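Fold and contact review
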Amino acid sequence: MPKALPPLQKSAPQKTELQSLARSRTGSGSVALRARMMLLAGKGESNRQIGIRFDVKAHTVGTWRNRFEADGCNGLYDLQRTGRPPDITPAQKQKIVHT
């Protein structure tokens, strides 16, 4: 049987930021999901329990837990990916989205 992990340690400002990210309607849905997972990890829920609740693998929860422990809330965002550079700038993308 796997050993139980201790509750995720987070500071008061981190908890506030996680709550904000989890409630965000304008940010990335993926980041909001990850923030909700970290809030539950802070309450002592196991990776398996969190995975069942959000229909993801326990390994995935563990990956985001490790990234949060290493980098805080910044670790919940996607890393830069390789590939073809975008054809439009972020400013152009925002203009399209908001019109």
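Residues numbered from 1 in each chain as written. Predicted model: local features only at pLDDT ≥ 70, side-chain atom pairs only at ≥ 80, totals over all residues. Heavy atoms only, no water.

Remarks on the packing of helix α2 (residues 29-42) against helix α3 (residues 47-54)
Contact pair α2 / α3: the axes reach a minimum separation of 10 Å and the direction vectors enclose 140°. By the criterion of interaxial angle, the relationship of α2 to α3 is oblique. Here the hand of the crossing between α2 and α3 comes out right-handed. Along its contact with α2, which presents Leu33, Arg36, Met37, Leu40 and Ala41, the element α3 presents Ile50, Arg53 and Phe54. Among the residues forming the contact of α2 with α3, the class breakdown is six nonpolar, no polar and two charged. (Axes fitted to C-alpha atoms, helices over the stretch in contact; angles between N-to-C directions. Helix = DSSP H or I, 4+ residues; strand = E, 2+ residues; numbered from the N terminus. Parallel < 35°, antiparallel > 145°, perpendicular 65-115°, else oblique. Left-handed = near helix turned anticlockwise from the far one by under 90°. Contact = heavy atoms within 4.5 Å. Nonpolar A, V, L, I, M, F, W, Y, C, P; charged D, E, K, R; others polar.)

Bear in mind that shape data such as this cannot, by itself, settle questions of function.
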